[in-house]
Amino acid sequence: QHQQQQQQYHHHGHQGQSSTPRGDSKKKRSKRRRREKEKRQRQLYSSDSDEDDSERRIRQHHHHHSGKSKRKGGRHRKRRSGGAISSRGSKEGSIGGESYSESTRMSNSMADRSGSVVKIERQGNFFHRWMIFAKLLVCNLPLSFSAISFSIVLLGIVWLKWAEEALPSCKEVNFHSSQCAYPEFPGCYFCDEYNRWYILATRFHLACGYVAGVSVMLFFAKATMCWKVFMDEMSSPTTASPSGLIFMTMALSFVGKGDVGAMLVILASFLHLVLVVWFIYMSMAYGTMSDPSWFANTIGIGLCAVKIWFYYPLSGHFLIAITLIMTFLFYPICLIRVALNEKMSATICWMNMMGPAVSLYSLAIIMEPTFQQERPDINHFQTVQRSIYLPSMTCLFVLCIVGMISSVHGLIVRWKQIAREEFCPAHAAYSFPLLMHALAVQSYRSSLDFFADADEVSPTLKKALHVYWVVLVVAGTFTALTCIITYLVFLPSWVDVDTREEAEPPETYETSISMSQSLTYGESLIQPYVSPTILQANETGILIVSYDYQNSWCDLVRTLRIPAFGFEPMMSRRMFNRERNALKLFMGVRDVILEGDESRVEGDEDGDDICFENELERAMNAV
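Residues numbered from 1 in each chain as written. Predicted model: local features only at pLDDT ≥ 70, side-chain atom pairs only at ≥ 80, totals over all residues. Heavy atoms only, no water.

### Some thoughts on empty space enclosed by the protein
To keep it simple, the criterion reads: Points on a 1 Å grid over protein atoms alone make up a cavity when a 1.4 Å probe fits among them but cannot get out, and a pocket when they form an open set with protein on both sides within 12 Å along at least five of seven lines; lining residues each have an atom within 4 Å of a point. Grid points are joined across faces, edges and corners, and a volume is the space filled by probe spheres set on the points. Under the DSSP-based scheme used, a helix requires at least four consecutive residues in state H or I and a strand at least two consecutive residues in state E, with every element numbered from the N terminus. Just so you know the grouping, Ala, Val, Leu, Ile, Met, Phe, Trp, Tyr, Cys and Pro go in nonpolar, Asp, Glu, Lys and Arg go in charged, and all remaining residues, Gly too, go in polar.
A complete count under the given rule lists three cavities of 30 Å³ or more for this structure. For the largest cavity, the lining is made up of 21 residues, of which Pro-142, Leu-143, Glu-233, Ile-542 and Ala-564 are closest to its centre. Of all elements in the fold, only α4 (84-140), α8 (227-233), β3 (542-548) and β5 (564-565) reach the threshold of two or more residues within the lining of the largest cavity. For the lining of the largest cavity, the per-class residue count stands at 13 nonpolar, five polar and three charged.

### A few points about the confidence of the model for the chain
The condition that has to hold: A score between 0 and 100, pLDDT records how confident the predictor is in each residue. Contact between two residues is taken to exist if any of their heavy atoms lie within 4.5 Å; hydrogens are not considered.
On average, residues of the chain score 77 in pLDDT, and 69% of them are at 70 or above. Of all helices and strands in the chain, the one with the weakest mean pLDDT is helix α23 (residues 598-601) (42), whereas helix α13 (residues 346-350) scores best (94). The low-confidence segment residues 111-124 (pLDDT under 50) makes zero contacts with residues lying over four places distant or belonging to another chain.

### So, the side chain of Ser-149
Following the sequence through the fold, Ser-149 ends up in helix α5 (residues 145-166). Ignoring sequence-local partners within four residues, the contact set of Ser-149 consists of Ala-212, Ser-215, Val-216 and Thr-249.

### Quick look at the packing of aromatic side chains
Just so we agree on the cut-off: Stacked, edge-to-face and tilted labels apply to pairs of Phe, Tyr and Trp rings (six-membered ring for Trp) whose centres lie within 6.5 Å, assigned for plane angles under 30 degrees, over 60, and everything in between, in that order. Buried, partly exposed and exposed residues are distinguished by accessible area as a fraction of the type maximum, computed with a 1.4 Å probe on protein chains only: under 20%, between the cut-offs, and over 50%, respectively.
Evaluation of the coordinates by the stated rule reveals 18 aromatic pairs. Arranged with centres 6.2 Å apart and planes meeting at 15 degrees, the rings of Phe-423 and Trp-494 form a pair that is stacked. Of the two residues, Phe-423 is situated in the loop between α17 (415-420) and α18 (433-451) and Trp-494 in helix α19 (residues 459-495); the sequence distance between them amounts to 71 residues. Owing to a relative accessible area of 4%, Trp-494 belongs among the buried residues under this scheme.

### Looking at a nonpolar patch on the surface
Quick note on the threshold: Surface patches are defined over residues having more than 30% relative accessible area and no salt bridge, joining like charges when they lie within 9 Å and nonpolar side chains (Val, Leu, Ile, Met, Phe, Trp, Tyr) when within 5 Å. Only the protein chains shown count as cover for residues, and all accessible areas are computed by the Shrake-Rupley method using a 1.4 Å probe. Salt bridges are defined as contacts in which a side-chain nitrogen from Lys or Arg sits within 4 Å of a carboxyl oxygen from Asp or Glu.
A contiguous nonpolar surface patch, about 300 Å² in accessible area, is contributed by Ile-336, Leu-340, Leu-525 and Ile-526. Its place among the elements puts Ile-526 in the loop between α20 (512-515) and α21 (532-540). Classification of Ile-526 as partly exposed rests on a relative accessible area of 33%.

### Comments concerning the pattern of salt bridges
Going through the model one piece at a time under the given rule, you end up with nine salt bridges. The partner of Arg-445 in a salt bridge is Glu-165, with the nearest N and O atoms 2.9 Å apart. Of this pair, Arg-445 sits in helix α18 while Glu-165 sits in helix α5, and the two are 280 residues apart along the sequence. Ionic pairing is found between Glu-507 and Arg-558, a salt bridge with its closest N-O pair at 3.1 Å. With Glu-507 in the loop between α19 and α20 and Arg-558 in strand β4 (residues 553-559), this residue pair connects regions lying 51 residues apart in the sequence.

### Some details on helix α12 (residues 313-340)
Spelled out, the test is: What a helix is expected to span follows from its residue count: subtract one and scale by 1.5 Å. Fitting axes to the seven residues ending at a residue and to the seven starting there, one defines the bend at that residue as the angle between these axes.
For α12, built from 28 residues, the straight-helix expectation of 40 Å at 1.5 Å per residue is met to within 8% by its first-to-last C-alpha distance of 40 Å. Along α12, the sharpest change in direction is near 30 degrees and occurs at Phe-330; proline Pro-332 comes one to four residues later. All buried positions along α12 are accounted for by Gly-316, Leu-319, Ile-320, Ile-322, Thr-323, Met-326, Thr-327, Phe-330, Tyr-331, Cys-334, Arg-337 and Val-338.

### Some words on the state of the cysteines
Just so we agree on the cut-off: Cysteine sulfur atoms that pair up within 2.5 Å are treated as a disulfide.
For the structure shown, the criterion picks out two disulfides. Disulfide partner of Cys-139: Cys-226, at an S-S distance of 1.8 Å. Remark: Cys-226 occurs in the loop between α7 (218-225) and α8 and Cys-139 occurs in helix α4; sequence separation between them is 87 residues. As far as the burial class goes, Cys-139 and Cys-226 line up, both buried. Between the sulfur atoms of Cys-170 and its disulfide partner Cys-191 the distance amounts to 2.0 Å. Handedness of the Cys-170-Cys-191 disulfide follows from its S-S torsion of about 120 degrees: it is right-handed. Placement of Cys-170 in the loop between α5 and β1 (171-172) and of Cys-191 in the loop between β2 (189-190) and α6 (196-216) is noted, with a sequence separation of 21 residues between them.

### Here's the deal with the pairing of β4
The condition that has to hold: Here a strand pair is declared whenever DSSP counts at least two bridges between the two strands.
Bridge analysis of β3 against β4 gives seven bridges, and the strand direction is antiparallel. Paired with Ile-542 across the two strands is Thr-559, which belongs to β4. The hairpin turn running from β3 into β4, its antiparallel successor, is four residues long, and Ser-552 in that turn takes a positive phi close to 60 degrees.

### A word on the packing of helix α9 (residues 244-254) against helix α11 (residues 301-308)
Formally: Note on definitions: angles span 0 to 180 degrees between N-to-C directions of axes, and those axes are lines fitted to C-alpha atoms, for helices only across the stretch in contact. Any angle between 65 and 115 degrees counts as roughly perpendicular, while under 35 counts as roughly parallel, over 145 as roughly antiparallel, and the rest as oblique. Put simply, a crossing is left-handed when the front helix is turned counterclockwise from the back one by less than a right angle, and right-handed when it is turned clockwise.
Packing of α9 against α11 brings their axes to within 8 Å, and their N-to-C directions diverge by 25 degrees. Accordingly, the angle class assigned to the pair α9 and α11 is roughly parallel. In this structure, α9 crosses over α11, and the sense of that crossing is left-handed. Seen from α9, the contacting residues are Phe-247, Met-248, Ala-251 and Leu-252; seen from α11, they are Leu-303, Cys-304 and Lys-307.

### Quick word on the nonpolar core
To keep things clear, this is the line we draw: To qualify as a nonpolar core, a set must consist of buried Ala, Val, Leu, Ile, Met, Phe, Trp, Tyr and Cys residues joined through side-chain atoms within 4.5 Å.
With 116 residues, the main nonpolar core has Phe-150, Leu-245, Phe-432 and Met-436 as its most contacted residues. In terms of residues, this core owes the most to one element, α19, which gives eleven residues.

### Digging into helix α22 (residues 573-587)
For α22, spanning 15 residues, the distance from its first C-alpha to its last is 21 Å, which sits close to the expected 21 Å at 1.5 Å a residue. Along α22, the residues classified as buried are Phe-576, Asn-577, Glu-579, Arg-580, Asn-581, Ala-582, Leu-583, Lys-584 and Met-587. Two residues or fewer after α22 comes Gly-588, characterised by a positive phi angle close to 75 degrees.

Here you go:
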């Protein structure tokens, strides 16, 4: 009986220690508080996608710790029954802290993973966008960009000549002397190679040559990757006008650069000769007449002639003969047209100084005596030079001065037109003529020093030529840098064109100019209308590669959102309609309006017919 009472006593004692009403109520409240805290933590730190997974992990973790705390609490109660509640509270507080730190670590790790994924996606998008832009840059690079490359290589040459003349350590030497560092350019000097200013000038010259040469190679990539776009530009005299500058830049950039440079110069000379034949044939087919935009594709072969002359003299003499023939054939016509045709754009007029400058520069170097001519009888050779070559160069120099006057006069007359125009790819035509003219003046000065006697040339003339050359170098550098920087700033908007909301222009054979049979009407010395090829280019636009960012594909489309065609700025819609109707009124052709063209003409009809007739009457009276 005593043993039964003792067992009952022990049973009730253990039951009272293990579960009391007060302990149960505190336990429930602590669990409820812990659940509320976990809920708030999940809302603050957990992402929506991983909420269920994180909640399951947190519950498993809490269940594990709660079971452990119960067992540990039982053992504590066996040892110290009075401190059971306090030990349970401390354990529950530690559990809450551990659950908070664990959930914080989990949320931070998830945030790190999501941030890394976003970073990878952004990097992928960044490289993908640059790959797309590189493709659009190659395919849609305007041909007028060759003028920028040509200006860069000219900057390196003229400032190298400036340094050679300005530095006291540089002394003038004979053309075929081993001391002549750069015989491929006018004037030979032997300079101190350790002079820091001369080192800076030579490095600047080399950098300009390589930058220009590499940049102009983009057009070969364009012809390879996007041959349809390239051939579309080469199929019109208007859009193909800057293409000759590609080969002129190659000839100036790679001459004297070893065997690879020699191969590139020979390739540039051959391709430029092919271009001369193609451009003249195409111009005859369209019935166009020579203007200053022809110089890069025709007379510009003189730069290739003088560079290939260093490797194959006979080929150089053949090409320089072609250059001189075209100079005396085309240049007088250009002078008349620039002076009397107000319809000619200002960018074309500014290039009028370039034609004789190329011939003078080329002739000045090719006229230098060879090694065999110097040795037997240099006096006899110099006599021939003074009687034949020097007067020829003086004649070309006079033509250069006349060309400069003609270009300046053309800008003054068309100043209102220039003020209305916004910068476009055609304005690259302003960048290089002054530098080319400065190089021609330097060539003439070096020829006077080499061929003419000291008593025959007036010191005043030499001083005047030197001042004129310095002004040209400074003004040409400022103009070139302004055009280069502005062109590069606007270039991304010209290669990545959004054509989604644009009505695609018609094909070349579907334009109103082609359908009215006025495309091959031709030009004249004095004409009261804009060239039909220019009007057709303004109507059909340019073929480009457009990228659709929504569907991720490229497509060939025509657009009028590139505001230039070669060296011709785009006309406004109002001006285009006026000039097109003026041409048709001059020809006596009934107006042809294409489908969808009514919206272009709408709003421009009131008073335009009277304006056309009055303008046409004034032009005919002038003719």
